[in-house]
Amino acid sequence: VVEVPSTSAVPASTTTSLVPEDLPPVGGYRYYERSARVTALQVELGMQSVDGIYGPKTRKAHIESLGGPSTAVIIFYPELFATPEPCSHGCLPGNEHYELPTLGELINEYFKSEDRALARMIAFCESSGQTHDIGSTAVSSAFAVGWFQHLAKYWVERSEKAGWGEYHPFHGEANVAVASWLFYSSGVHHWNTSKACWGSS
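Residues numbered from 1 in each chain as written. Predicted model: local features only at pLDDT ≥ 70, side-chain atom pairs only at ≥ 80, totals over all residues. Heavy atoms only, no water.

Engineer: Any chance you could explain unusual backbone geometry here in plain terms?
Structural biologist: Peptide bonds are trans in most cases, and residues, glycine excluded, mostly fall at negative phi. Notably, Y32 is not glycine yet its phi reads approximately 65 degrees, a positive angle. Checked against the element boundaries, Y32 lands in the segment before α1 (36–45). (Helix = DSSP H or I, 4+ residues; strand = E, 2+ residues; numbered from the N terminus.)

Printed below as a string of structure tokens:
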């Protein structure tokens, strides 16, 4: 198993640097919306600067007031968690000896040998995922989830097309399997926001 560099050696993920039109609304507020209701929200949030614009600081304060990105993604994308999580890798209820597969094992299973090093780097650059990890609860302020930072707004459609429609994006195998499907069906551009990190590998 090959370990990727430590977090201090690789730039942080740029997943949150999406262009404004790519960022999903939070509670119906669009990025850079200017309105009286944004002013009311800023007052309610106790912000020092009240300008009526739903910019980066207001969005961040709003998401934090909801409990952070992990809670907000559940609030605004309940459909992601509407189906039960089937057991993966043939595990059986009551089998206490079952061990969850690691990120490295899943990448080895779903990516071709020549693409595995890049897949490991992408997962690391997107979510700080390490090959020995058995799961990821990483959620960005853009509501990108898990090791490969799947955008919540696309998960239902893409997971269904990839054959993983009954799984939520926090499910480790589903997260990697859908990433592999995206990688081989339409290319690596899905992770371009973190290319400054993995592109040099």
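Engineer: Looking at this model, I keep getting lost on the nonpolar core. Mind explaining?
Structural biologist: Side chains of nonpolar character tend, in soluble globular proteins, to be buried together. Grouped together as the largest cluster of nonpolar side chains are 22 residues, with contacts concentrated most on V73, F143 and W164. Among the elements of the structure, α1, α3 (69–76), α6 (152–161) and α7 (172–186) are those that each provide at least two residues to this core. For this core, the element with the most residues is α7, which contributes 3 residues. Among the nonpolar cores identified, the runner-up in size contains 19 residues, and I107, A123, F148 and W198 belong to it. (Core = buried A, V, L, I, M, F, W, Y, C linked by side-chain atoms within 4.5 Å. Buried < 20%, exposed > 50% of the residue type's maximum accessible area, 1.4 Å probe, protein only.)

Engineer: Would you mind going over the packing of helix α4 (residues 103–110) against α7 with me for this structure?
Structural biologist: A packed helix pair is summarised by two numbers, namely the angle formed by the two axes and the spacing between the axes. Between α4 and α7, the shortest axis-to-axis distance is 10 Å and the interhelical angle comes to 35 degrees. Considering how the two elements wind past one another, α4 and α7 form a crossing that is right-handed. Contacts between α4 and α7 pair L103, L106, I107, E109 and Y110 from the former with G172, E173, V176, A177, S180 and Y184 from the latter. Here the contact of α4 with α7 is built from residues that sort into 7 nonpolar, 2 polar and 2 charged. (Axes fitted to C-alpha atoms, helices over the stretch in contact; angles between N-to-C directions. Left-handed = near helix turned anticlockwise from the far one by under 90°. Contact = heavy atoms within 4.5 Å. Nonpolar A, V, L, I, M, F, W, Y, C, P; charged D, E, K, R; others polar.)

Engineer: I'm lost on the state of the cysteines in this one. Help?
Structural biologist: Such a bond, covalent and formed between the sulfur atoms of two cysteines, is termed a disulfide. As enumerated under the stated definition, the model contains 1 disulfide in all. Here C125 connects covalently by a disulfide to C197, the sulfurs 1.9 Å from one another. Taking the sign of the S-S torsion, about -70 degrees here, the bridge from C125 to C197 comes out left-handed. With a gap of 72 residues between them, C125 in helix α5 (residues 116–127) and C197 in helix α8 (residues 195–198) connect regions that are remote in the sequence. For C125, a relative accessible area of 1% gives the class buried. Overall, the relative accessible area of 6% leaves C197 in the buried class. (Disulfide = S-S within 2.5 Å.)

Engineer: How do you make sense of α4 when you look at a structure like this?
Structural biologist: Given 3.6 residues to a turn, an α-helix orients residues that are three or four positions apart in the same direction. All buried positions along α4 are accounted for by L103, G104, L106 and I107. Projected down its long axis, α4 shows its buried positions confined to an angular sector of 165 degrees, all on one face. Along its buried surface, α4 packs onto α5 and α7. (Arc of directions from axis to C-beta.)

Engineer: Whenever I open this one, the packing of aromatic side chains confuses me. Can you help?
Structural biologist: Working definition: an aromatic ring pair is given by the centre-to-centre distance plus the angle between the planes. Applying the stated rule across the entire model yields 11 aromatic pairs. Here the aromatic rings of F76 and F143 are separated by 6.4 Å at their centres, their planes lie at 35 degrees, and the arrangement is tilted. Of the two residues, F76 is situated in helix α3 and F143 in the loop between α5 and β1 (144–145); the sequence distance between them amounts to 67 residues. R37 extends its terminal NZ or CZ atom over the ring of Y29, reaching a point 4.4 Å from the ring centre. Its guanidinium or amino end placed over the ring of F143, R59 lies 5.7 Å from that ring's centre, counting from NZ or CZ. (Phe/Tyr/Trp six-rings, centres within 6.5 Å; stacked < 30°, edge-to-face > 60°. Lys NZ or Arg CZ within 6 Å of the ring centre and 35° of its normal.)

Engineer: Would you mind going over the packing of α6 against α7 with me for this structure?
Structural biologist: α7 packs onto α6 with a crossing angle of 75 degrees between their chain directions and a minimal axis gap of 9 Å. For the element pair α6 / α7, the angle class is roughly perpendicular. Residues W155, R158, S159 and K161 of α6 pack against A174, N175, V178, W181 and L182 of α7. Its residues assigned to classes, the contact of α6 with α7 comprises 5 nonpolar, 2 polar and 2 charged. (Parallel < 35°, antiparallel > 145°, perpendicular 65-115°, else oblique.)

Engineer: What exactly am I supposed to notice about the side chain of S159 here?
Structural biologist: With respect to the helices and strands, the residue S159 is situated in helix α6. Setting aside chain neighbours within four positions, we find S159 in contact with W164, G165 and V178.

Engineer: Got a minute to help me understand the side chain of S180 in this structure?
Structural biologist: Mapped onto the elements, S180 comes out in helix α7. Looking at S180, the relative accessible area reads 7%, which means it is buried. Apart from residues lying up to four places away in sequence, S180 is in contact with Y110 and F111.

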